[in-house]
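Chain and residue survey
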Amino acid sequence: MSNNNGLAVLQALDSAKTQWYHITAIIIAGMGFFTDAYDLFCITTVSKLLGRLYYYNPHTGKPGKLPHNVNNFVVGVALFGTLSGQLVFGWLGDKLGRKKVYGMTLILMASCAICSGLSFGSTNKAVIGTLCFFRFWLGFGIGGDYPLSATIMSEYANRRTRGAFIAAVFAMQGVGIIFAGLVSMILSKFFLLKYETVAFQDNHILSTQPEGDYLWRIVLMLGALPAILTFYWRMKMPETGRYTALIEGNAKQAAADMARVLEIEIQAEADKVAEFKASNEYSLWSREFFSRHGRHLIGTMSTWFLLDIAFYSQNLTQKDIYPAMNLVHKDVEISALREVFETSRAMFVVALLGTFPGYWFTVLFIERLGRFLIQLVGFLMMSIFMLIIGIKYDYLRDHNKWLFAVLYGLTFFFANFGPNSTTFVLPAELFPTRVRSTCHAMSAAAGKAGAMVGAFVLATYTLDGDPKKIRTAMITMACTNMLGFFCTFLVTETKGRSLEEISGEDGGTNNETEIASRQS
């Protein structure tokens, strides 16, 4: 008999009916991801405004534009912070407990979102420098939310709906992206109604309204609001029963906490918990870990890395793709505020019709189709659509912009009804409780490394609107997605099994890596 068959607290968690507490946990953790997405992607809507305000050169005869290196840092510096935060907070989540460090991430996100909007200085270098400084630390807080939210949700959920619950938390990223476009669109419209605007080609100076300096600051600062609103409820959440019992070895506290939230009676079983804990003491860097979970860790890290090269390239370069798709006017034909409005509107529409549905399709079908199949199909469809866009770019841009928009939207749909969701879910299920948060953090950090490749390398191909370079970028992303398709075979299906059964913590021979090695 497997060891965890006798642990009442684990049985209670795995067999618990879906109840209000599960929904509350999804909302609390999900609002963190709403904040993450809003803060990361709202910069896309206002980065061109920053160029007009702070980098206008009258000798060029063109609107101000962020230099390539400055644009890359403004858009991508938060990714550096996110990668660092994932590793630090992921490790702390295993060492100190999920709850103890969960509130720190919200405090950091809220304070740095506000400070980003207060970026100060009398020169463009000072303003952009302070903005990048605060966005790095904003990303650091965002990074912590990835492993902690995923781990907490996986350890609270029952085995039947665990994947859907984790995916629902992550789906709030889609809502955050929608609101990044929606809030920027609404605010820029208010500014347009309040302040008269003229196109750049009609008046180079008056086309950039100085009031626009307030607009981008307000957009960034509003990212603090959802974090502030959910801080109290996040602090009220108890530590997960799995961490309290299996890592801290406190059977009594684990039983009491989970009995309270699940509203059932649970036996403490201190002796069995101690025995279970003693049989799973191996560390992350031990030979035992790599023989059991090494293949899975390579699989989750490589697939997330390859996905984010394409995913973040798409999201962070939307402002450059939209003019090519004729979804927004050329920069000389509109004012600074109008450019923010049109970019935000296009981002909102693409997110609403392409990005958002994909997340919730995953929530609906992940327990029916499984993580593995959804990830495989998602990678494959992204590759196909990006390859078509890359090969037929000139035709789509000049003769069929609506087909262009549909294909571009479908790449977002299958990213989210595909690997963007499943690469978040799988690391929260495949690894033992002792290192679950750290392994998720390592996988997510690999993803952010891929995002930086996208933001600092591929994104530069779209900045000038050069058709040849954009074609190259799209074909490159198609290739990275195809590599992700093949790396998916390094992970395994986790649907319908307990976390202890998947990781082999239950003392049985259920770990997939062990089975594969024994069969060979």
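Residue numbering note: each chain is counted from 1, following its sequence as written. With the structure being a predicted model, the display of local features is reserved for residues of pLDDT at least 70 and the display and counting of side-chain atom pairs for 80 or more, all residues being used for whole-chain, interface and lining totals. Side-chain descriptors were evaluated using all non-hydrogen atoms of the structure, hydrogens and water having been removed beforehand.

**Considering the overall build of the protein chain**
We count it as follows: Helix and strand assignments come from DSSP, with helices taken as H or I runs of at least 4 residues and strands as E runs of at least 2, each series counted from the N terminus. Throughout, radius of gyration means the C-alpha value; the globule benchmark is 2.2 Å times the number of residues raised to the power 0.38. Only protein chains enter the area calculation, which uses a 1.4 Å probe; residues under 20% of their type maximum are buried, those over 50% are exposed, and those in between are partly exposed. Surface accessibility follows the Shrake-Rupley procedure with a 1.4 Å probe radius. Residue values consider only the protein chains on display as shielding. His is not counted, nor are the chain ends, whereas Lys and Arg count as positive and Asp and Glu as negative. Note on charges: their place is set at NZ of Lys, CZ of Arg, CG of Asp or CD of Glu.
The helix and strand tally for the protein chain stands at 23 helices and 0 strands. Against the compact-globule benchmark of 24 Å for 520 residues, the protein chain has a radius of gyration of 24 Å, which places it among compact chains. Along the longest, intermediate and shortest principal axes, the C-alpha atoms of the protein chain span 80 × 45 × 35 Å. Classification of the 520 residues of the protein chain by burial places 62% in the buried group. Per element, the accessible surface of the protein chain, about 19,400 Å² overall, is 65% carbon and sulfur. With 45 positive and 39 negative side-chain charges, the protein chain shows a separation of 3 Å between the mean positions of the two kinds.

**Overview of the pattern of salt bridges**
As a reminder of what qualifies: Salt bridge, as used here: a side-chain nitrogen of Lys or Arg that lies within 4 Å of a carboxyl oxygen of Asp or Glu.
Scanning the entire structure with this criterion turns up 17 salt bridges. Salt-bridge contacts for Arg 159 lead to Asp 14; the nearest nitrogen and oxygen are separated by 3.9 Å. Of the two residues, Arg 159 is situated in the loop between helix H5 (124-156) and helix H6 (162-194) and Asp 14 in helix H1 (residues 8-15); the sequence distance between them amounts to 145 residues. Given the relative accessible area of 30%, Arg 159 is considered partly exposed. Classification of Asp 14 as buried rests on a relative accessible area of 5%. Residue Arg 242 is joined to Asp 14 by a salt bridge in which the shortest nitrogen-to-oxygen separation is 2.9 Å.

**Focus: the nonpolar core**
Here is a general trend for soluble globular proteins: nonpolar side chains tend to be buried in one another's company. Selection criterion: In this text, buried Ala, Val, Leu, Ile, Met, Phe, Trp, Tyr and Cys residues form a nonpolar core when linked through side-chain atoms within 4.5 Å. By definition in these notes, contact holds between two residues if any of their heavy atoms fall within 4.5 Å.
One finds Val 74, Tyr 146 and Trp 216 to be the most contacted residues of the largest nonpolar core, which totals 143 residues. The contact partners of Val 74, leaving out residues within four places of it in the chain, are Ile 43, Leu 50, Leu 66, Ile 128, Leu 131, Cys 132 and Arg 135. Tyr 282, Leu 284, Leu 297 and Met 442 belong to the second largest nonpolar core, which has 12 residues in total.

**A short note on H6**
How we decide: Between the first and last residue of a helix there are one fewer steps than residues, each counted as 1.5 Å, and that sum is the expected span. Fitting one axis to the seven residues ending at a residue and another to the seven starting there, the bend at that residue is the angle between the two axes.
Along its 33 residues, H6 runs 48 Å from first to last C-alpha, staying within 8% of the 48 Å computed at 1.5 Å per residue. Its axis deflected by about 25° at Val 169, H6 carries its strongest bend there.

**Section: the side chain of Ser 184**
Note the following rule: Distance and chemistry together define a polar contact, namely a pair of N or O atoms within 3.5 Å, with one atom able to donate a hydrogen and the other to accept it when in protein, and with adjacent residues in sequence counting only for side-chain atoms on both sides.
Its place among the elements puts Ser 184 in helix H6. Within the local environment of Ser 184, its side chain forms a polar contact with the side chain of Thr 45, the two groups lying 2.8 Å apart. Leaving out residues up to four positions away in the same chain, Ser 184 has contacts with Thr 45, Phe 179, Val 219, Val 340 and Ser 344.

**Here we look at the side chain of Thr 423**
In this fold, Thr 423 is placed in helix H18 (residues 419-425). With relative accessibility at 3%, the residue Thr 423 sits in the buried group. A distance of 2.5 Å separates a polar side-chain atom of Thr 423 from the backbone oxygen of Pro 419. Non-local contacts of Thr 423, meaning those with residues more than four positions away in its chain, are made with Thr 303, Trp 304, Leu 307 and Gln 375.

**Describing the environment of Leu 193**
Within the secondary structure, Leu 193 sits in helix H6. With a relative accessible area of 62%, Leu 193 lands in the exposed category. With 312 residues separating them in the primary sequence, Leu 193 and Glu 505 have C-alpha atoms 61 Å apart.

**Some words on the confidence of the model for the protein chain**
Where we set the bar: One confidence number per residue, pLDDT, is output by the predictor and ranges from 0 to 100.
Scored by pLDDT, the protein chain has a mean of 86; 91% of the residues are at 70 or more. Model confidence for the protein chain, summarised as mean pLDDT per element, is weakest for helix H23 (residues 512-519) at 44 and strongest for H18 at 96. Counted against residues more than four places away or in other chains, residues 1-5, with its pLDDT under 50, gives 13 contacts.

**Some thoughts on the packing of H5 against H6**
For any two helices packed against each other, one specifies the crossing angle of their axes together with the interaxial distance. To be explicit about the condition: A fitted line through C-alpha atoms represents every axis, and for helices the fit uses only the stretch in contact; the resulting angles, taken between N-to-C directions, go from 0 to 180 degrees. Angular relationships are summarised with four words: roughly parallel below 35 degrees, roughly antiparallel beyond 145, roughly perpendicular across 65 to 115, and oblique for the angles in between. Here a crossing is taken to be left-handed if its near helix is turned anticlockwise relative to the far helix by less than a right angle, and right-handed if that turn runs clockwise. Put simply, Ala, Val, Leu, Ile, Met, Phe, Trp, Tyr, Cys and Pro go in the nonpolar bin, Asp, Glu, Lys and Arg in the charged bin, and everything else, Gly too, in the polar bin.
Where H5 meets H6, the axes come as close as 9 Å, and the angle between the chain directions of the two elements is 150°. Compared by their axis directions, H5 and H6 come out roughly antiparallel. Of the two possible hands of crossing, H5 and H6 adopt the one that is right-handed. Across the interface between the two elements, Tyr 146, Ser 149, Met 153 and Ser 154 from H5 touch Arg 162, Phe 165, Ile 166, Val 169, Phe 170 and Gln 173 from H6. Looking at side-chain class alone, the contact of H5 with H6 contains 6 nonpolar, 3 polar and 1 charged residues.

**Here's the deal with the packing of aromatic side chains**
Using the following cut-off: In this analysis, rings of Phe, Tyr and Trp, with Trp reduced to its six-membered ring, are considered paired at centre separations within 6.5 Å, and the interplanar angle assigns stacked below 30 degrees, edge-to-face beyond 60, and tilted for intermediate values. For a ring to carry a charge above it, either NZ of a lysine or CZ of an arginine must fall within 6 Å of the ring centroid while also lying within 35 degrees of the normal to the ring plane.
Tallying each qualifying case throughout the model produces 35 aromatic pairs. Taken together, a centroid distance of 4.9 Å and an interplanar angle of 80° make the contact between Phe 33 and Phe 424 edge-to-face. In this pair, Phe 33 sits in helix H2 (residues 20-54) while Phe 424 sits in helix H18, placing the two residues 391 residues apart along the sequence. For the pair Phe 33 and Phe 424, one class covers both residues: buried. Where Phe 73 meets Phe 456, the ring centres are 5.6 Å apart and the plane angle is 70°; that geometry is what we call edge-to-face. You can see Phe 73 sitting in helix H3 (residues 68-95) and its partner Phe 456 sitting in helix H20 (residues 436-456), a full 383 residues away along the chain. A residue is classified by how much of its surface remains accessible, and Phe 73, at 44% relative accessible area, is partly exposed. The rings of Phe 33, Tyr 146, Phe 170, Trp 304, Tyr 359 and Phe 424 are connected pair by pair, giving a single aromatic cluster. Over the aromatic face of Tyr 102 sits the side chain of Arg 234, whose NZ or CZ is 3.6 Å from the ring centroid. If you follow Lys 392 out to its NZ or CZ, it ends over the ring of Tyr 395, 5.7 Å from the centre.

**Regarding the packing of helix H15 (residues 371-391) against helix H21 (residues 467-487)**
Here H15 crosses H21 at 160°, and the two axes come no closer than 8 Å. Taken together, the axis directions place H15 and H21 in an arrangement best described as roughly antiparallel. Crossing geometry of H15 relative to H21 is assigned as left-handed. Between H15 and H21, the residues in contact are Leu 376, Phe 379, Leu 380, Met 382, Ser 383, Met 386, Leu 387, Ile 389 and Gly 390 and Arg 471, Met 474, Ile 475, Met 477, Ala 478, Asn 481, Met 482, Gly 484 and Phe 485, respectively. In terms of residue class, the contact of H15 with H21 is built from 13 nonpolar, 4 polar and 1 charged.

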